[in-house]
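Coordinate inspection notes
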Amino acid sequence: MDGYTPDKRPVVGAAGPDGLYLALGFSGGGFKLAPAVAELAALEIAEGGAVPGKAVQELLEPYRPQRFLAGNPIRPEAPYDHM
């Protein structure tokens, strides 16, 4: 089973009730990204949402679940018609 989000990009970040952290919607490509995403998510969770270093926050920010509610899905430069 493949899992896609509306913009076909993963969701990474806190959502819902306190303590719920999402890292989903990677579909087949998630296997390749798992080590990097796990490291960033673990840092963020261990620090209670405050990740040391602005670079880590900037890496995760585009993938936050709130982007859909805000009407800001990720828009690729080229369409992914094969998905």
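Residue indices follow the written sequence of each chain, beginning from 1 at its first position. Whole-chain, interface and lining totals are the exception, using all residues; otherwise, since this is a predicted model, local features are given only for residues with pLDDT of at least 70 and side-chain atom pairs are given and counted only at 80 or more. Note that water and hydrogens are dropped before the side-chain values are worked out from all heavy atoms of the structure.

A few points about the overall build of the chain
Helix numbers and strand numbers start at the N terminus; a helix is a DSSP run of H or I with at least 4 residues, a strand a run of E with at least 2. The secondary structure content of the chain amounts to 3 helices and 2 strands. Scanning the chain from its N terminus toward the C terminus, one meets helices and strands in the order β-β-α-α-α. Here a residue-residue contact requires only that any non-hydrogen atoms of the pair lie within 4.5 Å. Intrachain contacts of the chain at a sequence separation of at least 6 include 48% that bridge at least 24 residues. Approximately 5800 Å² of the chain is accessible, and the part contributed by carbon and sulfur atoms is 61%. Accessible surface area values rest on a Shrake-Rupley calculation with a 1.4 Å probe, where residue burial reflects the displayed protein chains alone.

A look at unusual backbone geometry
Here the phi dihedral of Lys-8 falls at roughly 60°; this positive angle occurs in a residue that is not glycine. Summarising the element assignment, Lys-8 is placed in the segment before strand S1 (11-14).

Some remarks on the confidence of the model for the chain
For the chain, mean pLDDT is 82; residues scoring 70 or higher make up 83% of the total. Ranking the helices and strands of the chain by mean pLDDT puts helix H3 (residues 66-69) first, with 94, and helix H2 (residues 54-60) last, with 77. Here pLDDT means the predictor's own confidence in every residue, given as a number from 0 to 100.

Remarks on the side chain of Arg-67
With respect to the element layout, Arg-67 can be found in helix H3. Judged by relative accessible area, Arg-67 falls into the buried class, the value being 6%. Among the polar contacts made by the side chain of Arg-67, one reaches the main-chain carbonyl oxygen of Arg-9 at a distance of 3.2 Å. Contacts described as polar in this section are N or O atom pairs within 3.5 Å, which, within protein, must combine one atom able to donate a hydrogen with one able to accept it, while residues neighboring in sequence count only if both atoms come from side chains. At 3.1 Å, the side chain of Arg-67 and the backbone oxygen of Pro-10 are in polar contact. Excluding residues within four positions of it along the chain, Arg-67 makes contact with Thr-5, Asp-7, Arg-9, Pro-10, Val-11, Pro-62, Asn-72, Pro-73 and Ile-74. Throughout, exposure labels follow a simple rule: accessible area from a 1.4 Å probe, protein chains only, divided by the maximum for the residue type, with under 20% read as buried, over 50% as exposed, and the rest as partly exposed.

Section: the pattern of salt bridges
By salt bridge we mean one thing: a side-chain nitrogen of Lys or Arg within 4 Å of a carboxyl oxygen of Asp or Glu. All told, the structure shown has 3 salt bridges when counted by the stated rule. For Asp-7, the salt bridge goes to Arg-67, with nearest N and O atoms at 2.8 Å. You can see Asp-7 sitting in the segment before S1 and its partner Arg-67 sitting in helix H3, a full 60 residues away along the chain. Take Asp-7 and Arg-67: they sit in the same class, and that class is buried.

What to know about the side chain of Thr-5
Structurally, Thr-5 is set in the segment before S1. Beyond its immediate stretch of four places on either side in the chain, Thr-5 contacts Val-11, Gly-25, Arg-67 and Phe-68.

Remarks on the layout of surface pockets
Lining residues are defined by having an atom within 4 Å of a point belonging to a cavity or pocket. Those points lie on a 1 Å grid over the protein atoms alone, cavities being sets where a 1.4 Å probe fits but cannot get out and pockets being open sets with protein on both sides within 12 Å along at least five of seven lines. Grid points are joined across faces, edges and corners, and a volume is the space filled by probe spheres set on the points. Roughly 380 Å³ of internal volume is contained in the largest pocket. What lines the largest pocket is a set of 20 residues, among which Arg-9, Pro-10, Phe-26, Leu-33 and Tyr-63 lie closest to the centre. Every element with two or more residues in the lining of the largest pocket is listed here: helix H1 (30-46) and H2. In terms of residues, the lining of the largest pocket owes the most to one element, H1, which gives 5 residues.

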